[in-house]
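# Notes for the structure review
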Amino acid sequence: MDYRKLYLSLLLVMISFFLHAQHMLSVKVNGVESNTGKICFAIYNNKSSFLKLKEAYISGMEKAVKGSTDFEIRDLPKGEYAIAIFHDINDNSKLDTNMLGVPKETVAFSKGKMKLFGPPDYQDCSFAIDSDSKIEITLN
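No experiment lies behind these values; they were computed from the predicted model shown.

### With respect to the pattern of salt bridges
- Counting across every chain of the model gives three salt bridges.
- Between K38 and D91 there is a salt bridge, and its shortest N-O distance comes to 3.7 Å. Of the two residues, K38 is situated in strand 2 (residues 38–44) and D91 in the loop between strand 5 (79–88) and strand 6 (107–109); the sequence distance between them amounts to 53 residues.
- Under the relative-accessibility criterion, K38 is labelled partly exposed at 25%.
- The partner of E72 in a salt bridge is R74, and the shortest N-O contact between them spans 2.7 Å.

This is the structure we're talking about:
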């Protein structure tokens, strides 16, 4: 038996596994005002798609839990991400805004805060993932 080929095969399998390792992101959303509605989230992995829901890398929703709502995002490859979240209190699956476009429902971003005249930039919200991670986001 040729052990060199066996070792080489095992080494290649291990390298492939680590190059394509997937990570879990645990998200805790604080400041949830009630059990009504859902917490909607979108995860973006580049500046050009940021806040364009149809271009989100991953999106979803979780049942709102008063105080804090926790959920996990699985199978995220190593990379840079930004998250946008809102509490869809009336459960209509969209962010309600006033005539000026100002959100009527509470919103939050990973790291970034709403600016006086709009949302933060991707760079303000982005964070790196290279292992299983946790993030806390507080609704405003």
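The structure having been displayed, the exposition proceeds.
### What about the packing of aromatic side chains?
- As enumerated under the stated definition, the model contains five aromatic pairs in all.
- Ring plane angle 20° and centroid distance 4.5 Å describe the contact between F41 and F71, whose orientation is recorded as stacked. Taken together, the residues F41 in strand 2 and F71 in strand 4 (residues 67–77) connect sequence positions 30 residues apart.
- Accessibility expressed as a relative area gives 7% for F71, which makes it buried.
- Measuring from ring centre to ring centre gives 6.4 Å for F50 and F109, while their planes differ by 55°; the resulting arrangement is tilted. In this pair, F50 is assigned in the loop between strand 2 and strand 3 (58–63) and F109 in strand 6, connecting sequence segments 59 residues apart.
- Grouping aromatic residues by their ring pairs yields a cluster made of Y44, F50, F109 and Y122.

Thresholds applied
Residues numbered from 1 in each chain as written. Predicted model: local features only at pLDDT ≥ 70, side-chain atom pairs only at ≥ 80, totals over all residues. Heavy atoms only, no water. Salt bridge = Lys/Arg side-chain N within 4 Å of Asp/Glu carboxyl O. Helix = DSSP H or I, 4+ residues; strand = E, 2+ residues; numbered from the N terminus. Buried < 20%, exposed > 50% of the residue type's maximum accessible area, 1.4 Å probe, protein only. Phe/Tyr/Trp six-rings, centres within 6.5 Å; stacked < 30°, edge-to-face > 60°.

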